[in-house]
Amino acid sequence: MIQYFFSNWKDIPDTYQWKAYSLEYWIWILILITLIVIMAKIYKKSNHKDAILKGIAIVIVIQEILKDILHYYAGSLELEHLPLHLCGISIFMVCWHAFSRNKLNTQFIYALTLPGAIFALAFPNWTQYPIFHLSSFNSFTIHTWLIMYVVIQLYGKTLRPDFKDLKYTFIFTLLLMIPIYFLNKIWNTNFFFLNTPSPGSPLMFLYQLFGNGYVIALVLLFILLWILIYIPWMETYENKSYQKNRELS
């Protein structure tokens, strides 16, 4: 199995593919959840919160670059490896946030990066690769680092989701989707899953139901999701402890 670590998925026998929710999958998830919990506790107690966030962001960017370099030398680099999916763009948003926070990137990492990365791990679309493959390793870990970056701040009370600032993320995302939509047409790619949902994901139901109106339904679904995930934060915790933690981050 290890001989296919760098191989293009088209050159890998079907017998080496893994299945979602298999034992290997749950071992991966258990390990990754444990890492997130440990890092959340470390972050909350740390006096160097800003350095931790920058460190995670740098690791994410370096890993993304190394992934493409390795794919290039292995001859398996494809257009789909470009960081134009939601989680790919989240890599740069996380890096931006780590070094310069503002209303746009703060709400983006909570409203899109966090649910997007969780969705990717919950419904993996890299099962065409062996479990011991560069893409499997990268996909499992890169999404975990994105989740970790947001979760440790929520646990440490240094990130405050604010529904009033969500409009910046909404406008920015719509503006991103326009050129990506046309790039998908030109390159025959499926960035942001604007053409069709990830195979096996619950979004296939929307596609089957709405057909060409799938994108509009997807936007409406995200709006509903945002309402749900922002409700717990409507009662803001503007207390001294929270403000102190935010100043440290």
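In this report, the structure presented in the accompanying data block is examined. If you're wondering where the values come from, they're calculated on a predicted model, not measured in any experiment. (Residues numbered from 1 in each chain as written. Predicted model: local features only at pLDDT ≥ 70, side-chain atom pairs only at ≥ 80, totals over all residues. Heavy atoms only, no water.)

Right, let's get into the nonpolar core. Core analysis: the largest hydrophobic core is formed by 55 residues, its most contacted members being Ile60, Tyr110, Phe140, Tyr149 and Ile152. At the level of secondary structure, the elements contributing two or more residues to this core comprise helix H1 (23-45), helix H2 (49-74), helix H3 (86-99), helix H4 (103-122), helix H5 (134-155), helix H6 (166-187) and helix H8 (214-230). Examining the composition of this core, we find that 10 residues originate from one element, H5, more than from any other. Contacts of Tyr149, omitting those with residues within four sequence positions, involve Leu53, Ile56, Val94, His97, Ala98 and Ile109. One finds Leu203, Leu206, Tyr214 and Ala217 within the second-largest nonpolar core, a separate group that totals five residues. (Core = buried A, V, L, I, M, F, W, Y, C linked by side-chain atoms within 4.5 Å. Buried < 20%, exposed > 50% of the residue type's maximum accessible area, 1.4 Å probe, protein only. Helix = DSSP H or I, 4+ residues; strand = E, 2+ residues; numbered from the N terminus. Contact = heavy atoms within 4.5 Å.)

Let us look at the pattern of salt bridges. All told, the structure shown has six salt bridges when counted by the stated rule. The closest approach of N and O atoms between Asp50 and Lys54, which form a salt bridge, is 3.1 Å. One end of the pair is Asp50 and the other is Lys54, both in helix H2 and four residues apart, which spans about a single turn. On the accessibility criterion, Asp50 (23% relative accessible area) is partly exposed. A salt bridge links Lys67 to Glu64; the nearest nitrogen and oxygen atoms lie 3.1 Å apart. Here Lys67 pairs with Glu64, and both are found in helix H2, just three residues apart, close to one helical turn. For the pair Lys67 and Glu64, one class covers both residues: buried. (Salt bridge = Lys/Arg side-chain N within 4 Å of Asp/Glu carboxyl O.)

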